[in-house]
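Residue strings, one per chain:
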Amino acid sequence: MLVQVGPWVLSAMSLLLLLWQEMSAIEVPLDQKIQQDLKQPPTIMKQSLKDYIVDPRDNIIIECEAKGNPVPTFSWRRNGKFFNVWKDPRVTMRKRSGTLEISFRSGGRPEDYEGEYQCFASNDFGTALTNKILLRVSKSPLWPKEVLEPVVVGEGSSLVLACNPPPGLPPPHTFWMNSAMMSITQDRRVSMGLNGDLYFSNVLAKDSHTDYSCNARFLFTHTIQQKNPFTLKVQASRKVAETPPNFLSPTGTDSSRMMVLRGQKLQLECIAAGFPTPSIKWFKKGGDLNQKVKLDNFNKTLRIDSVSEEDAGEYMCMANNQIGSIRHSIFVQVKAAPYWLDKPFNLVLAPDESSRLVCRANGNPKPLIQWLVNGESMERNSSLPNPRRSVVGDTIIFHSVQIGSSAVYQCNASNHHGYLLANAFVSILDMAPRMLGAKNQLIKVIENNRTFLDCPFFGSPLPELRWFKNGQGSGLDGGQYRVYINGSLEIKRARVEDQGTYTCVARNILGKEENQVRLEVKEPTRIVRAPEHQSAFRGTMARFDCRVKSDLTLPITVTWLKDDKPLSLGWRLKKDEDSLSIPNVHEQDEGTYTCTVKSEIDQDTASARLTVLEGTSLYPTQSSALPAAPDAFPSGLKGWGTKNTNMEISWEPLLDTEQNGPNLHYSVWWRRKDTGEEWNNVTTVGAKHIVHDTETYVPYEIKLQARNDFGAGPESNIIIGYSGEDKPTAPPTDLHVSKIDSTMVNVHWTPVDPKTVRGEFKEYRLYYWREGSMVKGLHVNKEKKTKGFYSTVAQPTGILTDLQPYSHYRMFMVVANSRYDGPPSNHVDFHTKEGVPDLPQFFKIVQRSPESIHLEWDKPLEPNGILIGYTLNYQAVNGSRVGHMQMESFLPNVTAYRLRLPDQAIRYRFYLAAHTQVGAGKVYAGESPHFTNEVEPKDVSMSTTVPPPPPPTTTIIATTTTTTTTTTTPTTPTTTVTASTTTPVLVTSTKQADTNVLGTYNRPICCLLLVHSFSSIAV
């Protein structure tokens, strides 16, 4: 049913939806027994892509997986007509699945099966459908034969070498190389355009070469086709004439137009001729270029990876050199295929309930909404009107549904640029009440506390639930009882008389079910005699009380803490039933002691502080020693602020054997450093002194002396202390990044004035977090991380490592002293480059039959870029002997492979890796299991002892008119390329392609088949 409504209909619809806003569907609990008994229409779980391109060398697999109860049956339509899969001997359908497999082992052409496919999954309660899957076979046609005459140009002139690759499906990636398989150097003057042509803004004498060759890489067949090379002859001149800029791309007028779809990549290109080489600048009319805009190819290409409506407008590129400048305007219009605003979801309703399905989508132009039921247009069923169902705008309203009206509804939103299809079933469920919780629970609660007795239940229609106590009386509700909609009974204040057995009863028209909960009310656990603060002389005994009263039926435990840490009870400290005893008290015993008593349902705590005092009577001395002044000064002298207005001076007290006499005390001196002020002095018996009303973080000279009744001991050395720190007042400025890689980035900033740190300079602290991944749909952890940089230079820099590739990061920086962070700097956003993928999530190797091995894997949790596929290397293994390494490559949406075994006794070793544009990721390795009649799937983890497989070889078949040999010897590995006039030459290479290859081709060239346009050798 197509939906096009006027304003008055929308007003009526709004009123109806307002009346229906309280409707809600049943939420079916995830109880295993309920889920097993639940009858439901089909739901599509897995399907192939809408635009599905397949490799002609493989069997064709078109996926269609669905669940439902009863198990769905499957059927297919091809090009809008019923497709009888049973009549075609090449087509099989998997058991309990709708997935089709088309085999060409016995002949046939994959091209004969191109077309539009749609899968239907049906059971007694409805029919769900997949998207329409457009199946096309990948094509990699040969380059047209052509004879290229030498290109002769004068020095300083512009030049375009046309590539014109053969039109493949999907289109090939193009790049330019020379006969030594080295990429053509790319710079401001020479670069490849988006169409694959090689542009020279001006030609120099050094450009004269005979081997400018355009290459086209075809993704599915893993072949590279090579265009016949251009010969470029440059006529040198003594002086190159200077010329103003003119555009090589785009051509024609001073403006052009481009249409792009929302979410797609926008690429605008301006390449200019001229001498000297022009520079390119980009502008947007009415505003600045936003952060989404990236400039590639030496500013010649403007790129926005995912376009949105606000990216529409007029973009201008300006080319200028010292002779002149020109401009070109590109008017970008953003259209949109349909996208969801409110996608319909499944409804489970009880008989006589009402609800609605809503389907809202947006696009440009505005999409049309069409409703289907069980795959058929509702317009076709208009001859049989359903009084319990009405369509209002983009909403279907259901009134008092009845058993037998379950169905699957499809919403199709379409415009000129595409369509969306969503299935949503409406399932009418009747089920007698069921109890979901544990049976006959025992609940213990402390007297006078609020408690809840739970009784989770389910049924359809929703049952009525009532509570009873001890099986008597009417239902409990009101007063101190309250029953919640989820079945829980609240007792607002539990008393001893509330003990007993409570029964909850759920009832609907189909029956009833009940459960019981036993409640016991306990006395609270209390500390009736708590520990009290006390002081004790060193060497005496201290004792803390902790007497407890509790319910006799509840076991309790009593534990002690000192300064919030567990207290170690040994030979000295003693704990009995009601107290803690500390004999022979010394300074280390000073602190806060906490008694905690716990039962299984409650606890109580109490705390008190012990202060240790100096004794005045006896001091241990050796029998031969006479009383005297102290002969040592205390160690550990330091000064440090605990607030921004003080300085705490502290030290280690003298040992008993160092005091030499009674009435030990300490003289403390301090003064501001380098001010010439007099010493301040204080005498104390403690082991610290606090200096108040200081300035923030200033240095002090400090010294200390111990004294007793017989005189003064030696003075300590002068140490430097500092008053307290405060928050820094200035942020680092001009925070920016450079040299962004996939996992690291250089960080630069302008440092703060040291006076603003207001404390001991600790570090420049960088706060950074992963804002998102550039892989669509990948959720990331946005937890903040920090990294410190200690630098006092005028232009500091640091390296931030361990970043996740292909991600959006944000950061800011503060200066930190020992206590505080300063204010934040400017925030910086940056995007890490694409990297190699992590391991696939799993790699299963299962041998279900003696004829084949089934491999299955899943995409990496962190792709670290756009997955372009997987490579599977494998070799036969027989003891210590291994066979030749073989390789299979797969598209990113392929996660399974079946290997047919030529010999049942052969075992294989497999190496699986995911690929991005950057290269292959970590290798998952494993061996095939021994075959048995029943083999459980075996998860194979990455082997750290098995080395990764050697890279497969590159096969190059070419003919030329001369014989050359070029050997390139980097540090590791090596590449040798040989071409001859008569014989195709096999070249083995372990070298990856230069990452600066023009255009988007920057993946390894190993494992690719390079076919010369004149070659007649079949691949």
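Keep in mind that this is a model prediction, so the values were computed, not measured.

(A) Layout of the overall build of the chain. A count of helical and extended segments in the chain gives three helices and 84 strands. Here the chain, with 1019 residues, has 45% of them falling under the buried criterion. For the chain, the share of sequence-separated contacts (at least 6 apart) that also reach a separation of at least 24 residues comes to 66%.

(B) View of the pairing of strand β60 (residues 665-672). For β60, the tally of buried residues reaches six of eight residues, placing the bulk of the element in the interior. Bridging between β60 and strand β63 (residues 699-708) involves eight bridges; their strand directions are antiparallel. If you follow Tyr666 over to β63, its bridge partner there is Ala706. Sheet analysis places β60 next to strand β61 (residues 680-684), joined by five bridges and oriented antiparallel. Across the sheet, Trp670 pairs through a bridge with Asn680, a residue of β61.

(C) Summary view of the packing of aromatic side chains. Here the structure, examined in full by the defined rule, presents 25 aromatic pairs. Relative to Phe789, the ring of Trp749 has its centre 5.7 Å away and its plane inclined at 40°; by these criteria the two rings are tilted. One end of the pair, Trp749, is in strand β67 (residues 745-750); the other, Phe789, is in strand β69 (residues 785-789), with 40 residues separating them in the sequence. Look at Phe789 and you get buried, because its relative accessible area is 8%. Through a chain of ring-to-ring contacts, the aromatic side chains of Trp749, Phe761, Tyr764, Phe789 and Tyr790 assemble into a single cluster.

(D) Just the sheet that holds strand β74 (residues 852-857), in detail. Taken in spatial order, the three strands line up as β73-β74-β78 in an open sheet, and their pairing is antiparallel. At either end of the open sheet lies a strand with only one pairing partner, and these are β73 (843-849) and β78 (896-900). Within this sheet the neighbouring strands show an average axis-to-axis angle of 20°, counted without direction. Where β74 and β78 come together, five bridges link them in antiparallel fashion. Looking across to β78, one finds that Ile853 is bridged to Leu899.

(E) Main features of the environment of Asn346. For Asn346, the position within the fold is in the loop between β29 (325-342) and β30 (347-349). For Asn346, a relative accessible area of 35% corresponds to the partly exposed category. Along the sequence, Asn346 and Tyr409 sit 63 residues apart, while their C-alpha atoms lie 9.2 Å from each other. Excluding its chain neighbours within four sequence positions, the residues that come into contact with Asn346 are Thr43, Asn423, Ala424 and Phe425. Looking at Asn346, its side chain comes within polar contact range of the main-chain nitrogen of Phe425, at 2.9 Å.

(F) Region of the structure containing the sheet that holds strand β50 (residues 542-545). Pairing is antiparallel across the open sheet formed by three strands, whose spatial order is β50-β55-β54. Because the sheet does not close on itself, it has two edges, and the strands there are β50 and β54 (574-575). Of the pairings in the sheet, the one linking β54 to strand β55 (residues 579-582) comprises two bridges and is antiparallel in character. If you follow Lys575 over to β55, its bridge partner there is Leu580.

(G) Molecular detail of the pairing of strand β71 (residues 807-816). β71 sits mainly inside the fold: nine of its ten residues count as buried. As paired elements, strand β68 (residues 763-773) and β71 share ten bridges and run antiparallel to each other. From the neighbouring strand, Ser773 faces β71, where its bridge partner is Ser807. As paired elements, β71 and strand β72 (residues 828-831) share four bridges and run antiparallel to each other. Counterpart to Arg810 in the pairing with β72 is Asp829.

(H) How the structure looks around the pattern of salt bridges. Tallied over the entire structure, the rule returns 44 salt bridges. Arg189 is the salt-bridge partner of Asp207, the closest N and O atoms lying 2.7 Å from each other. Of the two residues, Asp207 sits in the loop between β17 (198-200) and β18 (209-218) while Arg189 sits in the loop between β15 (173-177) and β16 (190-192), which places them 18 residues apart along the sequence. We classify Asp207 as buried; its relative accessible area is 6%. By relative accessible area, which is 10% here, Arg189 ends up buried.

(I) Main features of unusual backbone geometry. A cis amide bond, omega 5°, links Phe275 with the succeeding residue Pro276. In this chain, Ser460 is followed by Pro461 through a cis amide linkage whose omega measures 0°. Note on placement: Pro461 falls in the loop between β42 (457-460) and β43 (464-469). At Arg758, a position not held by glycine, the phi torsion is positive, near 55°. Checked against the element boundaries, Arg758 lands in the loop between β67 and β68.

Thresholds applied
Residues numbered from 1 in each chain as written. Predicted model: local features only at pLDDT ≥ 70, side-chain atom pairs only at ≥ 80, totals over all residues. Heavy atoms only, no water. Helix = DSSP H or I, 4+ residues; strand = E, 2+ residues; numbered from the N terminus. Buried < 20%, exposed > 50% of the residue type's maximum accessible area, 1.4 Å probe, protein only. Contact = heavy atoms within 4.5 Å. Pairing = 2+ DSSP bridges. Phe/Tyr/Trp six-rings, centres within 6.5 Å; stacked < 30°, edge-to-face > 60°. Axes fitted to C-alpha atoms, helices over the stretch in contact; angles between N-to-C directions. Polar contact = N/O pair within 3.5 Å; in protein donor to acceptor, adjacent residues only side chain to side chain. Salt bridge = Lys/Arg side-chain N within 4 Å of Asp/Glu carboxyl O.

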